[in-house]
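Spelled out from the first residue to the last, the chains are:
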Amino acid sequence: MVHNNQNIDNTQRMHHLRSSLTGQAASVISSMSSDAHSYIEAWNLIKGRFDNKHLVWHFITFAATLHTNWFNPRYRAETGFHRFRQIFLY
């Protein structure tokens, strides 16, 4: 894993992180500079936002209780699933 690799510095880690992210995750750090000092802050922001096992567990159990195809966009719109996603993921 890049984060634990002792052979690269934080500037290289930041460049790797920035090039690896897309969508919402990329927008979290889009305004940050690519220097070594920003890497730790960027890493902590990404982990804080997206590495939330408690939230993931609630998301999965919520989806499991729907007893239907929760990947279907029409169903999500009809059931308010999109609102759940907005509240917890944005």
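Predicted model only: the values in this text are computed from it and were never measured.

Considering the arrangement of structural elements, one finds R13 in helix α1 (residues 10–20). If near-sequence neighbours (up to four positions away) are discounted, R13 is found in contact with V2, H3, N4, N5, Q6, I8 and Y39.

The topology assignment puts H3 in the segment before α1. Given the relative accessible area of 26%, H3 is considered partly exposed. Here H3 is in contact with R13, Y39 and W43, once residues within four sequence places are set aside.

The next subject is the nonpolar core. In terms of nonpolar packing, the biggest core is built from 11 residues, these being M14, L17, L21, A25, V28, I29, M32, Y39, A42, W43 and I46. Of all elements in the fold, only α1, α2 (23–29) and α3 (36–50) reach the threshold of two or more residues within this core. Broken down by element, this core gets its largest block of residues, 4 residues, from α3. Once residues lying within four places of it in the same chain are set aside, the contact partners of I29 are M14, L17, R18, L21, A42 and I46.

Turning our eyes to something else, we now look at the packing of aromatic side chains. Overall, the coordinates contain 1 aromatic pair when judged by the stated rule. A ring pair is formed by Y39 and W43, whose centres lie 6.2 Å apart and whose planes are at 25°; its orientation type is stacked. With a gap of 4 residues between them, Y39 and W43 both fall in helix α3, about one helical turn apart. Taking relative accessible area as the criterion, W43 reaches 18% and is therefore assigned buried.

What follows is about the side chain of S38. Mapped onto the secondary structure, S38 falls in helix α3. Once residues lying within four places of it in the same chain are set aside, the contact partners of S38 are M14, M32 and S33.

How each quantity is defined
- Residues numbered from 1 in each chain as written.
- Predicted model: local features only at pLDDT ≥ 70, side-chain atom pairs only at ≥ 80, totals over all residues.
- Heavy atoms only, no water.
- Helix = DSSP H or I, 4+ residues; strand = E, 2+ residues; numbered from the N terminus.
- Contact = heavy atoms within 4.5 Å.
- Buried < 20%, exposed > 50% of the residue type's maximum accessible area, 1.4 Å probe, protein only.
- Core = buried A, V, L, I, M, F, W, Y, C linked by side-chain atoms within 4.5 Å.
- Phe/Tyr/Trp six-rings, centres within 6.5 Å; stacked < 30°, edge-to-face > 60°.

All quantities given are derived from atomic positions and should not be read as evidence of function.
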